[in-house]
Amino acid sequence: MVVPPAEPTTAAEKYGWGTPLPESDEFNYTGGPDQTKWSTINGCWAGHNGNGKRCGANSTVDGEKLIQKGSRNGDTGWLASKLDQRYGRWEARVRSFNTGESGKEYHPLLIVWPESDSWPQDGEYDFLENGAPGEECANAFIHYPHPRMPVQQEFLEEKDCGAPLSEWHTIAFEWTPDHVRGYIDGKEWYTLENGAGPGGRKNIQDMPSGHLTIQFDNFHGGGMREASYEVDWVRIYSLDGAGQPAAAAPGSGATAGDPATAGQEPSGSSGSDGSDGSAASAGSKGSGDSGPATSSGSGSDDSRSSGNGSGGDSSDGERSGEGTMTEAAPAASATRASSFDALHSG
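Residues numbered from 1 in each chain as written. Predicted model: local features only at pLDDT ≥ 70, side-chain atom pairs only at ≥ 80, totals over all residues. Heavy atoms only, no water.

Asker: Which residues make up the state of the cysteines, and what values go with them?
Answerer: The tally for this structure, following the rule as stated, stands at two disulfides. A sulfur-sulfur distance of 2.1 Å marks the disulfide that ties Cys44 to Cys55. Disulfide Cys44 to Cys55: torsion about the S-S bond roughly 110 degrees, handedness right-handed. Of the two residues, Cys44 is situated in strand β3 (residues 44–46) and Cys55 in strand β4 (residues 53–55); the sequence distance between them amounts to 11 residues. With a relative accessible area of 39%, Cys44 lands in the partly exposed category. For Cys55, a relative accessible area of 4% translates into the label buried. Between the sulfur atoms of Cys137 and its disulfide mate Cys161 the distance is 2.0 Å. One disulfide, between Cys137 and Cys161, carries an S-S torsion of 100 degrees and so falls in the right-handed class. In this pair, Cys137 sits in the loop between β10 (124–129) and β11 (139–143) while Cys161 sits in the loop between β12 (153–157) and β13 (169–175), placing the two residues 24 residues apart along the sequence. Once the disulfide-bonded cysteines of the chain are ranked by sequence position, their pairing pattern turns out to be 1-2, 3-4. (Disulfide = S-S within 2.5 Å. Helix = DSSP H or I, 4+ residues; strand = E, 2+ residues; numbered from the N terminus. Buried < 20%, exposed > 50% of the residue type's maximum accessible area, 1.4 Å probe, protein only.)

Next comes the structure, spelled out in structure tokens:
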């Protein structure tokens, strides 16, 4: 009896992304993160929106994996890759889980953050962002480059979720001149493209350049629930010379979307200071899924630094006083392995 080969569980293997760049990290050493690859924190910085602190001591490597610890007092970890590039592919094997009995919960994130530190003008790709460790389904918030106005983003929620995020999963992000695309365990999650609109909003794939950040963010202040965010490895790829896909490229199925809605913050999210908005879309994983997705995501962070050692904060922009948008911009078109539904609120 012939046993078929196992389905690849990384997008890189399935689609032939080639050899990881030298800035990748297998975390097979001990101590602090490799400072030739990562911008780290000497001491502590103020945390997201002043909630707790981001501390260098909260990101360590144990010989097998990176561990970011979220402490009871609100201190947490943060790392930024020193590799800045326009377009590329990023993949990480991650898990997160609570270790404390009670308290407010941390947010695990993987982000391509604009090298310029100019937010929201240059966009932000939160290709993993969840409101608590170990949740059942993965969420993402992909921000358009746009001037100061109500936040413009696409909210994606995994469907047919399988194992919770407390177990190991590979999360990948592809950014090309034509689209941005997310993967979970080697399977396409979402594809977004274009979406430029009134008010100066650019196409969703038009960030000038960016770098990876790994964040375990505190949205609440004190009284946090102790937790751990673990990264087995991070692999980064260039689009140039990456080889051809080993299988048919994803995104070849039906295309769907709502060209009349703006990608704004979903209602009920816990963004940086609670301004309103609506999600333009929700992605899904797997086939045969239908019906509207829910806007249960965390809302995008920021209070992020570019990793240049300054410790500077850039507010995520989900806040009031950024002006209004009088005409709805078209949402990015999206290709899904299953159904796509636009969300609207308020």
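From this point on, the discussion continues.
Asker: Run through unusual backbone geometry, naming residues and quoting values.
Answerer: For the bond running from Trp119 to Pro120, omega is 10 degrees, close enough to zero to count as cis. Its location among the elements puts Pro120 in the loop between β9 (107–114) and β10. One non-glycine residue, Asn49, lies in positive phi territory at about 55 degrees. The phi torsion at Tyr87 lies on the positive side, around 75 degrees, for a residue other than glycine. Mapped onto the secondary structure, Tyr87 falls in the loop between β7 (78–81) and β8 (88–98).

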